[in-house]
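Per-entry structural report
Given next are the chains, with one letter for each unit.
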Amino acid sequence: MNEPLSQLGRFAEPSLYILVSLSGGPRHGYAIMTDVEEMTGSPLGPGTLYGALARLERRGLIEALEPEDRRRPYRLTALGATTLRAQLAHLPGFLRTGLERLGGDLG
Amino acid sequence: MNGLLRLYPAAWRDRYLDEVSDLLAERPPSLRDRFDLVAGAADAWIHPQVAAKPSEEDESIMRPVGAAALFVIGGVLWIAGGVVQATAPYGVEGYKESNGVMIVIAGVLLTAVGAVGRAWSAHASPAFRRCAKAMLGFALVMLAPWPILIIGFYGYVVAVVGFGLLLAGSGRLAGLLLAIGALVATSFNTENTMAFAAVPLGLAWIAVGAVGAVRRRSMNPAPAGT
């Protein structure tokens, strides 16, 4: 099963950010939050972060590791990596189309 | 625990409370984060992603659906009694004359029995049990003649406020409606149109019952510390 992230509604975009963050290795919630903030310039709220984590975990795209104190790291599963690749594969075409329509280029 | 995390369902808190508490300790929530947590709590109720543990299944002497039925029927009786009483014609002494009060008392008894049935579980907090027992005790006092029944009425209403706040504190938002409805019901007056004050509490009982019927698991707040 490779369910597109778009089915996650308003959690689709935060979920993509989380998957990208975890593609660099396991991270716990706070580390994901700061990583996403560095990548996108805007932080994920805690309610949104855990709403998205719960959905990703339920769909088997990420998995929780053993807690370290009260922090629980998450890591990308094989299904999560496949899903992320599929999502990212669409982006260059999307980006190219947008820039072409604006009269720019990819540099 | 951050107070806003109490708004989340018990199953969600069992799974994520430690992590999110740690995150909030590391990064104190801004006003925007607080709104985000409230929205997240609403989402967790509407679209639950975490299943309740089997141990959270019903352990009370009354099945959740049984108590839910008593709450809903009791709520309907509260509404019916209030409406019947408020719309009754004024008698020769200038007071509303009807049997609406008897209907309300029936609603009081049913909801109190349901509350005791649900609270009598090994996992229920002592405060929750006390409120439920007080509700039933005062409901029985309401069977006494006037004016003693007034003591029963106000005692029941105060106990319902506590019962509702305990439910709300454990993440059952319908409990907050119950507490507010009970406060409104303190204005209940059999002699005039203020008998309509019974209606909000009836609606709140129906909401509590409906939530209990849908979730079909224990609605008992767990003892402190869990």
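The structure displayed is predicted, hence computed values, not measured ones.

Each helix and strand counted, chain B has 8 helices and 0 strands in total. Its helices and strands taken in sequence order, chain B reads α-α-α-α-α-α-α-α from the N to the C terminus. Per-residue burial for chain B yields a buried fraction of 48% across its 226 residues. Sequence-distant contacts, at least 24 apart, represent 70% of the contacts inside chain B between residues at least 6 apart. Looking at chain B as shown, the accessible area adds up to about 10300 Å², and 68% of this sits on carbon and sulfur atoms.

At the junction of the two partners, chain A supplies 24 residues and chain B supplies 22 residues. When chain A packs against chain B, the two sides together hide about 2100 Å² of surface, and 49% of this comes from carbon and sulfur. For chain A, the biggest contributors to the area lost against chain B are Pro46(A), Tyr50(A) and Arg70(A); these three give 32% of the whole. Linking chain A with chain B are 7 salt bridges, by the criterion used here. Close ionic contact of Arg27(B) with Glu37(A) constitutes a salt bridge, the shortest N to O distance being 3.3 Å. The interface formed by chain A and chain B contains 14 residue pairs in polar contact (both at pLDDT 80 or more). Of all elements in the fold, only α2 (29-40) and α3 (46-58) of chain A reach the threshold of two or more residues within the side of chain A that touches chain B. The biggest single contributor to the side of chain A that touches chain B is α3(A), with 10 residues.

Turning to the nonpolar core, a few remarks are in order. All names here are of chain B. If you look at the biggest cluster of nonpolar residues, it comprises 39 residues, and the most contacted ones within it are Trp78, Met135, Tyr156, Phe163, Leu201 and Trp205. Mapped onto this core, the elements with two or more residues apiece are α3 (64-87), α4 (100-119), α5 (126-141), α6 (148-169), α7 (174-185) and α8 (198-215). Here this core gets 8 residues from one element, more than from any other, and that element is α6. Leave out the neighbours within four places in its chain, and Leu201 touches Trp78, Tyr156, Val160, Leu178, Gly181, Ala182 and Ala185.

This part is about the confidence of the model for chain B. Residues and elements named next belong to chain B. The share of residues in chain B with pLDDT of 70 or more is 86%, and the mean pLDDT across the chain is 82. Scored below 50 in pLDDT, residues 222-226 makes 5 contacts in the model with residues more than four places away or belonging to other chains. Quick note on the complex model: pTM equals 0.51, ipTM equals 0.87.

Glancing now at the pattern of salt bridges. Evaluation of the coordinates by the stated rule reveals 11 salt bridges over all chains. Put simply, Glu19(B) and Arg15(B) hold a salt bridge, and the shortest N to O gap is 2.8 Å. On the criterion of helical spacing, the pair formed by Glu19(B) and Arg15(B) is a turn pair, its members being 4 residues apart in helix α1 (residues 10-26). A residue is classified by how much of its surface remains accessible, and Glu19(B), at 4% relative accessible area, is buried. Judged by relative accessible area, Arg15(B) falls into the buried class, the value being 19%. Put simply, Glu57(A), Arg72(A), Arg15(B) and Glu19(B) are held in one network by salt bridges that share partners.

Once that is clear, we can look at the environment of Gly82(B). Residues and elements named next belong to chain B. The residue Gly82 is located in helix α3 in this model. Residue Gly82 is classed as buried on the basis of its relative accessible area, which comes to 0%. Sequence spacing of Gly82 and Val101 is 19 residues, and the spatial spacing of their C-alpha atoms is 7.5 Å. Here Gly82 is in contact with Val104, Phe188, Ala195, Phe196 and Ala198, once residues within four sequence places are set aside.

Right, let's talk about the packing of helix α1 (residues 12-22) of chain A against α2(A) for a bit. In helix packing, the relevant descriptors are the interaxial angle and the interaxial distance, both defined with respect to the helix axes. Residues and elements named next belong to chain A. Two elements in contact, α1 and α2, have axes separated by 9 Å at closest approach and are oriented at 105°. Taken as axis vectors, α1 and α2 run roughly perpendicular relative to one another. For the pair α1 and α2, the contacting residues are Tyr17, Ile18, Val20, Ser21 and Leu22 in the first and Ile32, Asp35, Val36, Met39 and Thr40 in the second. For the contact of α1 with α2, a count of residues per class yields 7 nonpolar, 2 polar and 1 charged.

Conventions adopted
- Residue numbering note: each chain is counted from 1, following its sequence as written.
- As they are written, the chains are lettered A onward and the ligands numbered 1 onward, keeping that order.
- It should be noted that, the model being predicted, local features are given only for residues of pLDDT at least 70 and side-chain atom pairs only at 80 or more, the latter also being counted only at that level, while totals for whole chains, interfaces and linings use all residues.
- The side-chain values count all of the structure's non-hydrogen atoms but skip hydrogen atoms and water molecules.
- Elements are defined by DSSP. Helices are runs of H or I of four residues or more, strands are runs of E of two residues or more, and each kind is numbered from the N terminus.
- Throughout this description, buried means an accessible area under 20% of the type-specific maximum (1.4 Å probe, protein chains only), exposed means over 50%, and partly exposed covers the range between.
- For this analysis, residues touch if any pair of their heavy atoms sits within 4.5 Å.
- Methods summary: accessible areas were calculated by the Shrake-Rupley approach with a probe of 1.4 Å, and residue burial reflects only the protein chains presented.
- As used here, buried area is the combined drop in accessible area, with a 1.4 Å probe, of two parts when they are placed together.
- Within this document, salt bridges are pairs made up of a side-chain nitrogen of Lys or Arg and a carboxyl oxygen of Asp or Glu, the two lying within 4 Å of each other.
- Any N or O atom pair separated by 3.5 Å or less is treated as a polar contact, with the protein-specific requirement of one donor-capable and one acceptor-capable atom, and with residues adjacent in sequence counted only for side-chain atom pairs.
- In this description, a nonpolar core means a group of buried Ala, Val, Leu, Ile, Met, Phe, Trp, Tyr and Cys residues linked to one another through side-chain atoms lying within 4.5 Å.
- Residue-level confidence of the predictor, termed pLDDT, takes values from 0 up to 100.
- For helices, the fitted line uses only the C-alpha atoms of the stretch in contact; every axis is such a line through C-alpha atoms, and the angle between N-to-C directions lies from 0 to 180 degrees.
- Working rule for angles: under 35 degrees goes down as roughly parallel, over 145 as roughly antiparallel, 65 to 115 as roughly perpendicular, anything else as oblique.
- Here the term charged refers only to Asp, Glu, Lys and Arg, the term nonpolar to Ala, Val, Leu, Ile, Met, Phe, Trp, Tyr, Cys and Pro, and the term polar to all other amino acids, Gly among them.

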